[in-house]
Amino acid sequence: DSVVVNGNTAICNTPIVTVEDYSYGSIDISWNGNGNAYEVAIKNINTNQWPEPTVVNANNYTFNNLLAATTYHIRVRRDCRADSLGYADWSAVVTVTTDSLPCFAPVDLEVSEIGYGSATIDWTAGEDENQWIVNIFRTDYSFTDTVTSHPYTAEGLFAGMNYNVAVQTICGNGASYSDWSDTISFTTNICQPVSDVSAEVSEIFESTGD
């Protein structure tokens, strides 16, 4: 559609949408056109009804808080009501599938209940992760264990020794691995020798008769 505005012919063009970037939780789009107002809309491919559009006074927009590994439909139209042209047609629908959730490294690693030969290790996991590799090491020693729960108690350590520990997430049934968590250190307790021992000696005297 077109109309003469201040001697110039105004045309309400239908935008052409480009996907600029996307991740597991967001999609960035842009579109052509020199309008001042647009409407954008997104819906899950499994949903029939389009939601109310969002008004945008730019030529780009980011959809946030999306579901991971989910396919979406996106469309944009120009608002030409300022030129008495109403709305342009909706753009061609663009289909985008968000990424799967990344493999998050554990955070907030901590060591507690440190004994002579054991220590309890715990961490905060991301999303639905349920399998980890625990690595306990020092210069001349390294031990790894695969676990499916936490806290984790490491045993068989030596008393009075310094250890480092880091944890890695196993994702996708072993298909991928996260980065290692931050490394923290701990020292097992020293088995102190017994001191200040005192003994009480009793003498038993036998008395004999005359």
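Keep in mind it's a predicted model, so treat the numbers as computed, not measured.

Draft legend 1. Up close: the overall build of the protein chain. When you go through the protein chain residue by residue, the secondary structure sums to 0 helices and 17 strands. Counting all 210 residues of the protein chain, 34% fall into the buried class. About 13,400 Å² of surface is accessible on the protein chain, with carbon and sulfur atoms providing 44% of the total.

Draft legend 2. Structural detail: the state of the cysteines. The tally for this structure, following the rule as stated, stands at 2 disulfides. Note that Cys12 is cross-linked by a disulfide to Cys80, the S-S spacing being 1.8 Å. Around the S-S axis, the bridge from Cys12 to Cys80 shows a dihedral of about 85° and counts as right-handed. A residue pair is termed long-range when its members are at least 10 positions apart, and Cys12 in the loop between strand 2 (8–11) and strand 3 (17–22) and Cys80 in the loop between strand 8 (71–78) and strand 9 (94–97) qualify at 68 residues. Cys80 shares its class with Cys12; the two are buried. A disulfide bridge connects Cys103 with Cys171, and the sulfur atoms are separated by 1.6 Å. Disulfide Cys103-Cys171: the torsion about the S-S bond is 90°, which places it as right-handed. Here Cys103, found in the loop between strand 9 and strand 10 (107–112), pairs with Cys171, found in strand 15 (residues 162–171); they are 68 residues apart in sequence, far enough to count as distant. Each member of the pair, Cys103 together with Cys171, is buried.

Draft legend 3. Just the side chain of Arg78, in detail. Tracing the chain through its elements places Arg78 in strand 8. Its relative accessible area of 9% is what places Arg78 among the buried residues. A polar contact of 3.3 Å, which involves the side chain of Arg78, links it to the backbone oxygen of Ile11. Apart from the residues lying within four places of it in its own chain, the contact partners of Arg78 are Ile11, Cys12, Asn13, Pro15, Asn34, Gly35, Ala37, Tyr38, Asp83, Gly86, Tyr87 and Ala88.

Rules of the game
- Here the residue index of a chain counts from 1 through its sequence in written order.
- In keeping with the predicted nature of the model, local features appear solely for residues at pLDDT of at least 70, side-chain atom pairs appear and are counted solely at 80 or more, and the whole-chain, interface and lining totals rest on all residues.
- In computing side-chain properties, one takes all heavy atoms of the structure into account and sets aside hydrogens as well as water.
- Strands here are runs of E lasting at least two residues and helices are runs of H or I lasting at least four, both read from the DSSP assignment and numbered beginning at the N terminus.
- Burial classes follow relative accessibility: with a 1.4 Å probe on protein chains only, a residue under 20% of its type's maximum area counts as buried, one over 50% as exposed, and anything between as partly exposed.
- Residue-level accessible areas treat just the shown protein chains as cover; the underlying method is Shrake-Rupley with a 1.4 Å probe.
- The term disulfide is used for any two cysteine sulfur atoms that are within 2.5 Å.
- Throughout this description, a polar contact denotes any pair of N or O atoms lying within 3.5 Å of each other; where both atoms belong to protein, one of them has to be capable of donating a hydrogen while the other can accept it, and for residues adjacent in sequence the pair is counted only when both atoms sit in side chains.
- Whether two residues are in contact is decided by their heavy atoms: any pair within 4.5 Å suffices.

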